[in-house]
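# Remarks on the overall topology
Given next are the chains, with one letter for each unit.
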Amino acid sequence: MSTTTESAADAAPARAGASPPTSGAKGREPRSLGVQNLAGWLFSTPFLVLFTVFMAFPIIATLAMSFTDFGLRNVTDPLSAEFIGFENYTKLFGDEKFLKALFNTAYFVVVGVPLTVGAGLVAAVLLNSGIDRARTFFRVGFYAPVVTSIVAVAVVWTFVLDPSEGLISGLASEVGLTTPDFLGSEALAMPSLILMAVWRNLGTVMVLFIAGLQAIPTDVREAARLDGASAWQEFRRITVPLVRPTMLYATVITTIGYLNVFEEPFVMTEGGPSNSTLTVSLNMYREGFNFFHMGYASAMAYVLFLVIMGITVLQLRLLKDNTK
């Protein structure tokens, strides 16, 4: 009996003595966590430096510049620019060229986004279920324009739409038809750019919708078919509701991209004819790098940023309600 008591008494100090190493391990845990945090910051330093120098600083500098009359004369001495407050911003909404560019950009977005998203959804549905042979070939074919240089695409389309020696005019002349000057007509220039943009961006939206379609349970489709649902009913009542989150994302990123449209009019029409294809980004580029009105162009950039942010928030609120 006494032996058992002594053994228990001897074990108690041993158990008590075992606690300090445990507490010591816990004491070393914050130090280990601190080392990990330090290592994380060290590995992130190259990115943070590059981001600060090439992104954060220019963004802040552009904001400050938008409140000044910064021009070519101030390049060597930026601090010599005169602070003019909101004069650049108020001047924008009295500038007919800027208002024309704003209208053209809105036209490009309002027409181009629904066409791109709709065509991408139809292509995704066909490639996901309607085409069984060479499905990979068609997917790569639709996506190829996305990874092709936009300048190269724009140059090719310029030749395709050429009224005298273009591909369309050549095919039309074979059957005795004449083709209009697509890029030289005020009525046709912007629709031509929209058609090219839809063709080029179709692949991105299509890939997004294919991922969304593959996430739809097959049981749902099979149940609908057993109930006698037609292909159109299945598309309207099953496919569209279940890919609404994907549709939201595709709509938002396509809208943001189209609000920043620049390369297409820059390469194909240079904003013409008669500024009918002049966009906000192209107008901003001209003001900043052709006329060296840096302060005015900076104000234009921030107005475009606010428009993009406002439209994105509005889309997220309106379309998100429909995805619930």
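I will try to describe carefully the structure that is included in this document. (Residues numbered from 1 in each chain as written. Predicted model: local features only at pLDDT ≥ 70, side-chain atom pairs only at ≥ 80, totals over all residues. Heavy atoms only, no water.)

### Observations regarding the overall build of the protein chain
Spelled out, the test is: Segments assigned H or I by DSSP are reported as helices when at least four residues long, segments assigned E as strands when at least two residues long, and all are numbered from the N terminus. Burial classes follow relative accessibility: with a 1.4 Å probe on protein chains only, a residue under 20% of its type's maximum area counts as buried, one over 50% as exposed, and anything between as partly exposed. Whether two residues touch is decided by their heavy atoms; if any such pair falls within 4.5 Å, the residues are in contact. Methods summary: accessible areas were calculated by the Shrake-Rupley approach with a probe of 1.4 Å, and residue burial reflects only the protein chains presented.
A count of helical and extended segments in the protein chain gives 13 helices and 0 strands. In the protein chain, the succession of α and β elements from N to C terminus is α-α-α-α-α-α-α-α-α-α-α-α-α. When burial is assessed residue by residue, the protein chain has 33% of its 324 residues classed as buried. When contacts within the protein chain are restricted to residue pairs at least 6 apart in sequence, those whose partners lie at least 24 apart make up 67%. As displayed, the protein chain offers around 19,700 Å² of accessible surface, 67% of which is attributable to carbon and sulfur atoms.

### Overview of the nonpolar core
Where we set the bar: In plain words, nonpolar cores are sets of buried Ala, Val, Leu, Ile, Met, Phe, Trp, Tyr and Cys residues tied together by side-chain atoms within 4.5 Å.
By size, the foremost hydrophobic cluster in this structure holds 51 residues, and its most contacted members are Leu92, Phe108, Met196, Phe209, Tyr258 and Met268. Of all the elements in the fold, those that place two or more residues in this core are helix 2 (87-92), helix 3 (96-130), helix 5 (150-160), helix 7 (189-214), helix 10 (244-259), helix 12 (280-290) and helix 13 (294-323). Ranked by residues supplied to this core, first place goes to helix 7 with 12 residues. Setting aside its immediate chain neighbours within four residues, Met268 contacts Ala154, Trp157, Thr158, Leu161, Leu183, Leu193 and Met196.

### Points about the packing of aromatic side chains
Two numbers describe a pair of aromatic rings. These are the distance of the centres and the angle of the planes. The following threshold applies: When two rings of Phe, Tyr or Trp (its six-membered ring) have centres within 6.5 Å they constitute a pair, described as stacked for plane angles under 30 degrees, edge-to-face for angles over 60, and tilted for the intermediate range. The rule for a charge over a ring is simple: NZ of Lys or CZ of Arg within 6 Å of the ring centre, and within 35 degrees of the ring normal.
Taken as a whole, this structure holds 13 aromatic pairs when the rule is applied. Between Phe67 and Tyr89 the ring centres are 5.5 Å apart and the planes differ by 45°, which places this aromatic pair in the tilted class. You can see Phe67 sitting in the loop between helix 1 (2-65) and helix 2 and its partner Tyr89 sitting in helix 2, a full 22 residues away along the chain. Comparing Phe67 with Tyr89 shows no difference in burial state: the two are buried. Ring geometry for Phe86 against Tyr89: centres 6.0 Å apart, planes inclined by 55°, an arrangement best described as tilted. Taking the relative accessible area as the measure of exposure, Phe86 reaches 56% and is therefore exposed. Of the residues examined, Tyr89 reaches a relative accessible area of 15% and is grouped as buried. Aromatic ring contacts, followed pair by pair, group Phe262, Phe266, Tyr285 and Phe289 into a single cluster. The ring centre of Tyr296 lies 4.7 Å from the NZ or CZ of Lys91, which sits over that ring.

### Describing the pattern of salt bridges
For clarity, the threshold we go by: Here, a salt bridge means any Lys or Arg side-chain nitrogen found within 4 Å of an Asp or Glu carboxyl oxygen.
Counted under the stated rule, the structure contains 2 salt bridges. Residues Asp69 and Arg73 are paired through a salt bridge, measuring 2.8 Å at the closest nitrogen-oxygen approach. Ionic pairing is found between Glu234 and Arg225, a salt bridge with its closest N-O pair at 3.3 Å. Residue class for Glu234 comes out buried when judged on its relative accessible area of 10%.

### Concerning the side chain of Thr312
One can find Thr312 in helix 13. Excluding residues that lie within four positions of it along the chain, Thr312 makes contacts with Val252 and Ile256.

### Description of a nonpolar patch on the surface
Selection rule: The patches reported here contain residues having more than 30% relative accessible area and no salt bridge. Joining distances are 9 Å for like charges and 5 Å for nonpolar side chains (Val, Leu, Ile, Met, Phe, Trp, Tyr).
Residues Trp41, Phe47, Leu48, Val49, Leu50, Phe51, Val53, Phe54, Met55, Ile59 and Ile60 make up a contiguous nonpolar surface patch of about 1,100 Å² in total accessible area. Relative to the helices and strands, Leu48 resides in helix 1. For Leu48, a relative accessible area of 34% corresponds to the partly exposed category.

### What about helix 7?
Filter applied, for reference: To estimate the expected span of a helix, count its residues, drop one, and scale the result by 1.5 Å. Each residue is assigned a bend, namely the angle between axes fitted to the seven residues that terminate at it and the seven residues that start at it.
If you check helix 7, its first and last C-alpha atoms are 38 Å apart, about what 26 residues at 1.5 Å a residue would give, namely 38 Å. For helix 7, the principal kink sits at Asn201 and spans about 40°.

### Describing the packing of helix 5 against helix 7
What counts is decided by this rule: Axis definition: a line fitted to C-alpha atoms, limited for helices to the stretch in contact. Angles are taken between N-to-C directions and run from 0 to 180 degrees. Every angle not falling under 35 degrees, over 145, or within 65 to 115 is termed oblique; those three ranges are roughly parallel, roughly antiparallel and roughly perpendicular. Less than a right angle of anticlockwise turn of the near helix away from the far helix marks a crossing as left-handed, whereas a clockwise turn marks it as right-handed. Under the convention adopted here, Pro, Cys and the residues Ala, Val, Leu, Ile, Met, Phe, Trp and Tyr are nonpolar, Asp, Glu, Lys and Arg are charged, and Gly plus all remaining residues are polar.
For the pair helix 5 and helix 7, interaxial distance at closest approach is 11 Å and the crossing angle is 135°. When the axes of helix 5 and helix 7 are compared, the pair comes out oblique. Crossing of helix 5 against helix 7: the hand is right-handed. Taking contact as the criterion, the partners of Ile150, Val153, Ala154 and Trp157 in helix 5 are, on helix 7, Leu195, Met196, Trp199 and Arg200. Here the residues of the contact of helix 5 with helix 7 are counted per class, giving 7 nonpolar, no polar and 1 charged.

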